Amino acid sequence: MAVNERIELGQLRAVLLRMGKKRGYGGTFKAVRKVGEAGEVASGASRLEEEMVALASVQNKDSVTVGEYLAARVEHGLPSKLKVAANNEYYAPEYALFRQYLGLPAIKGRPDCLPNMYALRHQIEHEFERIWATQSQFHDVMKDHGVKEEIRNAIFFQRPLKSPADKVGRCSLQTNLPRAPRAQIAAQNFRIEKQMADLRWGMGRRAEMLNDHQKAVIRELLNQQKELSFRKIYKELERAGCPGPEGKGLNMDRAALGGRDDLSGNTTLAAWRKLGLEDRWQELDEVTQIQVINFLADLGSPEQLDTDDWSCRFMGKNGRPRNFSDEFVAFMNELRMTDGFDRLSKMGFEGGRSSYSIKALKALTEWMIAPHWRETPETHRVDEEAAIRECYPESLATPAQGGRQSKLEPPPLTGNEVVDVALRQVRHTINMMIDDLGSVPAQIVVEMAREMKGGVTRRNDIEKQNKRFASERKKAAQSIEENGKTPTPARILRYQLWIEQGHQCPYCESNISLEQALSGAYTNFEHILPRTLTQIGRKRSELVLAHRECNDEKGNRTPYQAFGHDDRRWRIVEQRANALPKKSSRKTRLLLLKDFEGEALTDESIDEFADRQLHESSWLAKVTTQWLSSLGSDVYVSRGSLTAELRRRWGLDTVIPQVRFESGMPVVDEEGAEITPEEFEKFRLQWEGHRVTREMRTDRRPDKRIDHRHHLVDAIVTALTSRSLYQQYAKAWKVADEKQRHGRVDVKVELPMPILTIRDIALEAVRSVRISHKPDRYPDGRFFEATAYGIAQRLDERSGEKVDWLVSRKSLTDLAPEKKSIDVDKVRANISRIVGEAIRLHISNIFEKRVSKGMTPQQALREPIEFQGNILRKVRCFYSKADDCVRIEHSSRRGHHYKMLLNDGFAYMEVPCKEGILYGVPNLVRPSEAVGIKRAPESGDFIRFYKGDTVKNIKTGRVYTIKQILGDGGGKLILTPVTETKPADLLSAKWGRLKVGGRNIHLLRLCAE
């Protein structure tokens, strides 16, 4: 014990390092408002303090250290860790006896449950002083001046945290200023004004602008609420004496053009209101308010404010400690003591960053509230683009003719590594195209990936949403499977709509059975509102599941237009709509919508639509446009919302399947079911956008994403998009719309075809494209797998001799994983791998008895199992033969120790080469061996194959990607066709997956990058 007796300096170093990792909780606990509300850390720290005081009394000492307390626990058979279980429930029958030894009563309700405990900073500091006082008597080096203070500071005090402000992207309008957090009041005001600028009374040519009084009322409401319903807007405008024109509602309240349920208000004020700090926030001056939001946006973790001296731990750009105002520190102290203090987004603030700086946001907002023009424009539009044109005209300037570049220069650094890497790849691609074309292209069209538009916070939100949706789909899939059907994405969506609708058809009094719901022969996905020019695709919020007959009867009309003339039928629709759950309130509104106003397709709206398709407004799009414009080309950043529709109508959705059939590769639908050549020919016309009979319809769609060449098809579509194309597209919708208004039914929108032979061109391009993957010839990574193993001998059934096996400790419950259907024989096999015959037989016997009594395998191993007076929680299990591992040795005061580590795969395969011909036995190189020579030039005496390399078989002419390097049989390569997107372990030989070894490796050649 370092507190009471001498230990060696090496052992002391280990003790101090452990203290540095477990230095105790240094924060201030929030006030407990109600009995039983204390958090886990506070209650755990209180329990530890209680038991340490009791132990000191038993041992007749003034106090004990945390280490002395843990030593006493170990003597009573308890763990030496304070935090013993993630769920704060660790079964320990010895704990009641330990409490009795301390003279304390057993814990009510849970006497055999050892709770998590937490050491406080002052307790660890006290232990440090005790250890230093004892050990300095035996080691003179500890008495040197300044040694104790230096080590103490290193253990208990973090270095000041550097601000990440210099990593933030620059404002596209004022490049010397950073982009503001969206939670800044300036960003909130700007977003509100953008919404205000879009509001109109009515739609189309008859739409009317809001007057200043109406805008002022709505603006005030938006600053008071996080979300503002249109019903509330109408009510408050009426109360304020400035209602809208009779018979007209607000355009954004309509569903036809992407309508919504409400407007977004000031989320920052709403967040302060929820935290109980709105009044306190309003008392701050503007500079402090800006500083608070910037600080919270840059804060890596709320735990950085755990200590009372947090304000001394942050550095500025100059590397010196930041000087915070007293008002700022006082407000932050109030905030961190609230129950809701957490990361910015978790407190309800809007995450991410705006496209502009605070200064630019203020200027744009002021202009939008009181617009003024330097020159009289043709139309007095008030929107973001007009504000930029008037406030920052220089940002819209294009390079002069003499300033054009022949090659694209490196992109500006944005401070976002993901964006910077993407832009560097764009530069590489553009410059390759310039070399191929021999000149700078006249026009560049860029389509942004959805994941790149919204920034890190938006991507995180999308990821959380996707996880929630995945969980819902998983439950639906289980229910479908339990009813004897194969769950597919289409069936899962059908099931979800069926459950949401309470098993009812929204348009008639007949129910829908589960069998009907899962079959396209009986039911259809039905768009509640007519599909319009601005609403292409399928949104679940606008879909219902209806009988095929009801869907056909409704046609391309709203429910009211189709059934409103029949009182009995309309009452059924109303009943169905009102029976939908609350979360489907938007769907309820759409079903009951009576005053639907179709899209007014005028020349003006068609031009506006075309402009909108080639004007992506995200920050990344603006950065990309400005940068690419330096070439002197016309640059458009497409929204990409119509790419899929154009691809289908031009017959390009079947290009990839056709080419795959030609080369003998499998084709599957989006549910993963294989499509046969006969099925392809049967449904091909539908997949190419042609009108077909009911017998030739299908819900299935080919999955183009299984083949890397689908990016080429998308690129062809993107390259052919232009303003004139979108104008033609909109006019085609207008013609179809006019035909419907004159009584024509089942009207097809005839879309423009930019090139009559577009499908043949795409087919030839896909057949001849050369695909290669960017290789990584300097792989970095870990040398060994993370798990450390021991060694034990096990009888080899073949040779009858004992051989060395790797062993690891596993929780008993891990032998029966928490799966819905776990095979009992699989659990028996896991138990058979336990090291030690006596303990293995004991666990096996108890397991069999419990299973025979009706317990599940998980329950049988979850219940405590006692062996030789101890409760078993972990057991040593055989893992694999100790063939491919490295022995790591170290020493401690307890003696000499070792552990076995498995190599983490291979860095590359090396094959002898002479005059371009491969020969001999491959040499497999480990990461630990490769690290010393990874940048050394390769000699001509061998060829190296890395994972990710593109190789060609010189005998068959087929091109592959190296997916894995295996060590069995002297070295083998796992190859998959260069076109395939799926991981190798999901592909079979039918998909072209190969395992190549021996002389077959000599047939491979690296393809040029």
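Here is what the cut-offs are and how they apply
Residues numbered from 1 in each chain as written. Predicted model: local features only at pLDDT ≥ 70, side-chain atom pairs only at ≥ 80, totals over all residues. Heavy atoms only, no water. Helix = DSSP H or I, 4+ residues; strand = E, 2+ residues; numbered from the N terminus. Buried < 20%, exposed > 50% of the residue type's maximum accessible area, 1.4 Å probe, protein only. Phe/Tyr/Trp six-rings, centres within 6.5 Å; stacked < 30°, edge-to-face > 60°. Lys NZ or Arg CZ within 6 Å of the ring centre and 35° of its normal. Salt bridge = Lys/Arg side-chain N within 4 Å of Asp/Glu carboxyl O. pLDDT = per-residue confidence, 0-100. Contact = heavy atoms within 4.5 Å. Axes fitted to C-alpha atoms, helices over the stretch in contact; angles between N-to-C directions. Parallel < 35°, antiparallel > 145°, perpendicular 65-115°, else oblique. Left-handed = near helix turned anticlockwise from the far one by under 90°. Nonpolar A, V, L, I, M, F, W, Y, C, P; charged D, E, K, R; others polar. Pairing = 2+ DSSP bridges. Disulfide = S-S within 2.5 Å. Core = buried A, V, L, I, M, F, W, Y, C linked by side-chain atoms within 4.5 Å. Expected span 1.5 Å × (residues − 1). Arc of directions from axis to C-beta.

Draft legend 1. Examining the environment of Asn-153 more closely. Its location among the elements puts Asn-153 in helix α6 (residues 147–156). Accessibility expressed as a relative area gives 40% for Asn-153, which makes it partly exposed.

Draft legend 2. Local environment of the packing of aromatic side chains. Summed over all chains, the structure comprises 29 aromatic pairs. Connected via pairs of aromatic rings, a cluster forms that spans Phe-295, Trp-310, Phe-314, Phe-324 and Phe-328. Across from the ring centre of Phe-525, 4.9 Å away, lies the NZ or CZ of Arg-494, which sits over that ring. The ring of Trp-805 is capped by Arg-794, whose NZ or CZ atom sits 4.7 Å from the centre of that ring.

Draft legend 3. Region of the structure containing the pattern of salt bridges. By the definition in use, this model includes 49 salt bridges. When the shortest N-O distance is used, the salt bridge between Arg-6 and Glu-8 registers 2.8 Å. We classify Arg-6 as partly exposed; its relative accessible area is 42%. Assessed through its relative accessible area of 43%, Glu-8 is described here as partly exposed. We note a salt bridge from Arg-828 to Asp-825, for which the minimum N-O separation is 2.7 Å. One end of the pair, Arg-828, and the other, Asp-825, are both in helix α33 (residues 824–831), three residues apart, so they sit about a helical turn from each other.

Draft legend 4. A look at the confidence of the model for the protein. Mean pLDDT for the protein: 83, with 85% of residues reaching 70 or above. Mean pLDDT across the elements of the protein ranges from a minimum in helix α17 (residues 450–453), with 48, to a maximum in helix α28 (residues 655–662), with 96. The model gives residues 31–38 a pLDDT under 50, and that stretch makes three contacts with residues more than four places away or in other chains.

Draft legend 5. Quick look at the packing of helix α8 (residues 212–224) against helix α9 (residues 230–239). Between α8 and α9, whose axes approach to 10 Å, the crossing angle comes to 130 degrees. Here α9 runs oblique to α8, going by the angle between their axes. The interaxial crossing formed by α8 with α9 has right-handed handedness. Note on element contacts: α9 touches α8 through Ile-233, Glu-236 and Leu-237, opposite Gln-214, Val-217, Ile-218 and Leu-221. Residues that form the contact of α8 with α9 fall into these classes: five nonpolar, one polar and one charged.

Draft legend 6. Highlighting the sheet that holds strand β26 (residues 1004–1006). One open sheet accounts for five strands, arranged β25-β24-β23-β22-β26; its pairing is antiparallel. In this open sheet, the two edge strands, each paired with only one partner strand, are β25 (994–997) and β26. Across the sheet, the mean angle from the axis of one strand to that of its neighbour is 45 degrees, orientation sign disregarded. The sheet contact formed by strand β22 (residues 950–953) and β26 spans three bridges and is antiparallel. Along β26, the bridge assignment pairs Asn-953 with Leu-1004.

Draft legend 7. Unusual backbone geometry, seen in detail. The phi dihedral of Asn-60 is positive, around 55 degrees, even though this residue is not glycine. Along the polypeptide, Asn-60 turns up in the loop between α2 (40–58) and α3 (66–75). Positive phi values are uncommon outside glycine, yet His-503 reaches one of about 70 degrees. With respect to the helices and strands, His-503 occurs in the loop between α19 (489–500) and α20 (514–517). Taking the relative accessible area as the measure of exposure, His-503 reaches 33% and is therefore partly exposed.

Draft legend 8. Expanded view of the state of the cysteines. According to the stated counting rule, one finds zero disulfides in the structure shown. Lacking any disulfide linkage, Cys-550 is separated from the closest cysteine sulfur, that of Cys-508, by 3.8 Å. The exposure class assigned to Cys-550 is buried, which follows from its relative accessible area of 7%.

Draft legend 9. Spotlight on the nonpolar core. Counting residues in hydrophobic clusters, the biggest one holds 37 residues, and the most contacted among them are Tyr-69, Leu-82, Tyr-95 and Leu-114. Mapped by element, the contributors of at least two residues to this core are α1 (9–21), α2, α3, α4 (94–101), α5 (121–135) and α6. The dominant element in this core, judged by the number of residues it contributes, is α2, at five residues. Discounting chain neighbours no more than four positions away, the residues touching Leu-82 are Leu-48, Val-66, Tyr-69, Leu-70, Arg-73, Pro-115, Asn-116, Met-117 and Ala-119. Listed in part, the 32 residues of the second largest apolar core include Trp-498, Tyr-507, Phe-525 and Cys-550.

Draft legend 10. How the structure looks around helix α34 (residues 837–852). Taking 1.5 Å of rise per residue, 16 residues should cover 22 Å, and α34 covers 22 Å from first to last C-alpha, within 8% of that figure. Those residues of α34 lying buried are Ile-839, Ile-843, Ile-846, Phe-847, Arg-850 and Val-851. Down the axis, α34 shows its buried residues gathered within 130 degrees of arc, on one side only. Opposite its buried face, α34 presents the exposed residues Glu-837, Ala-838, Lys-849 and Ser-852, each directed more than 90 degrees away. Looking at the packing, one finds that the buried side of α34 touches α33, α35 (857–862), β13 (865–867), β14 (870–872) and β15 (874–881). Phi turns positive, to about 105 degrees, at Gly-854, one or two residues after α34.

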